[in-house]
Amino acid sequence: MENLRQKSEKSKKEILARIAAAREGRTLSYPEPDWQKNIYKEIEPSLEECFADELKKVSGNCVLCENESDVFDKIKALMAEKGQTRIFCKDVSIAEQLDSHNIAHTNAEADFTDMELGITRCEFLVARTGSVMVSAASPSGRKMNIFPPTHIVLAKKSQIVPYVTDALNGMRQRYDTLPSAITNITGPSRTSDIEKTLVLGAHGPKDIWVFVNLNE
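A quick note: this is a predicted structure, and the numbers were derived from the prediction, not measured. (Residues numbered from 1 in each chain as written. Predicted model: local features only at pLDDT ≥ 70, side-chain atom pairs only at ≥ 80, totals over all residues. Heavy atoms only, no water.)

Asker: Got a minute to help me understand the pattern of salt bridges in this structure?
Answerer: Any two side chains of opposite charge can pair, so long as their charged atoms come close to each other. With the rule as written, the count across this model stands at eight salt bridges. Where D207 meets K82, a salt bridge forms, and the shortest distance between an N and an O atom there is 2.8 Å. Of this pair, D207 sits in strand β12 (residues 207-213) while K82 sits in helix α3 (residues 68-82), and the two are 125 residues apart along the sequence. You can call D207 buried: its relative accessible area is 14%. Sharing partners across several salt bridges, the network here consists of E54, K57 and R128. (Salt bridge = Lys/Arg side-chain N within 4 Å of Asp/Glu carboxyl O. Helix = DSSP H or I, 4+ residues; strand = E, 2+ residues; numbered from the N terminus. Buried < 20%, exposed > 50% of the residue type's maximum accessible area, 1.4 Å probe, protein only.)

Below is the structure:
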């Protein structure tokens, strides 16, 4: 409590000093910033582990998998844990993988509003923030990133980049014309607007699982 009072008093004095300086027509001098200093934390111990740790901090889940078979075996385990027998999937290439691993799926509009699990790919994974970058160019479309209560993301180790700037640069290299929407998903949807109580799943998925194939 004493520490908070000291910080409050310091801030008060700084504000009053600025007001006094403005009245006298003076300007306060500030130290020159170190423009070469990295403003981000270091990526440790590796890109994939950093991403997994940061995603966990924002209530997301990252599963690091040895290969494709491991990815879909662990998706089956997640489905069993949640008591679900099929996944909603609009991406034809993912649907083919689901078929090859004997995982039931649907893309029927009649099933859309009742889906519990939805699966998509992503553009990039941002290690430093634990963010999943998606875009409107995805075969899954925009709705699949916000509607499923549980959003499953398939990703490759090669898609993990250190910072958001790296992901945006990658998007510029990948597309001649950028997609109409580029979104960073950082953990499940959340809000604390009501009585400052954190609620997950307020405006989108309440659960996000990122399965990373370390062999690609």
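Asker: What's the story with the sheet that holds strand β6 (residues 131-135) in this structure? I'm lost.
Answerer: Sheet strands pair via backbone hydrogen bonds, and the direction of the pair is either parallel or antiparallel. Judged by pairing direction, the sheet is mixed, and its four strands sit side by side in the order β8-β5-β6-β9 without closing on themselves. Among the strands making up the open sheet, the edge pair consists of β8 (160-161) and β9 (182-185). Of the strand pairs in this sheet, β6 and β9 are connected by four bridges, and their pairing is antiparallel. Counted as the bridge partner of V134 is T183 from β9. (Pairing = 2+ DSSP bridges.)

Asker: So what exactly am I meant to see when it comes to the environment of A127 here?
Answerer: Mapping A127 onto the fold places it in the loop between β5 (124-126) and β6. Once the C-alpha coordinates of A127 and I160 are considered, the two residues, 33 residues apart in sequence, prove to be 6.4 Å apart. Aside from chain neighbours lying at most four places away, what touches A127 is I43, L47, C50, F51, E54, I160, V161 and P162. (Contact = heavy atoms within 4.5 Å.)

Asker: Which parts of the structure should I look at to understand the packing of aromatic side chains?
Answerer: Given two aromatic rings, one states the distance between the centres and the angle between the planes to describe the pair. As enumerated under the stated definition, the model contains three aromatic pairs in all. Seen from their ring centres, W209 and F211 are 6.3 Å apart, and the 20° between their planes marks the pair as stacked. No difference in accessibility class separates W209 from F211, as the two residues are buried. When the ring centre of F112 is taken as reference, the NZ or CZ atom of K143 above it lies at 4.6 Å. (Phe/Tyr/Trp six-rings, centres within 6.5 Å; stacked < 30°, edge-to-face > 60°. Lys NZ or Arg CZ within 6 Å of the ring centre and 35° of its normal.)

Asker: I keep staring at the nonpolar core and nothing clicks. Help me out?
Answerer: Looking at soluble globular proteins, one finds that nonpolar side chains tend to be buried together. Counting residues in hydrophobic clusters, the biggest one holds 19 residues, and the most contacted among them are I75, I87, L98, I119, L154 and F211. Counting residues per element, the ones that place at least two in this core are β1 (61-65), α3, β2 (87-89), α4 (92-100), β4 (117-120), β7 (150-156) and β12. Top element by residues in this core is α3. It accounts for five residues. Apart from residues no more than four positions distant in its own chain, L98 is found in contact with F72, I87, C89, I103, H105 and I119. (Core = buried A, V, L, I, M, F, W, Y, C linked by side-chain atoms within 4.5 Å.)

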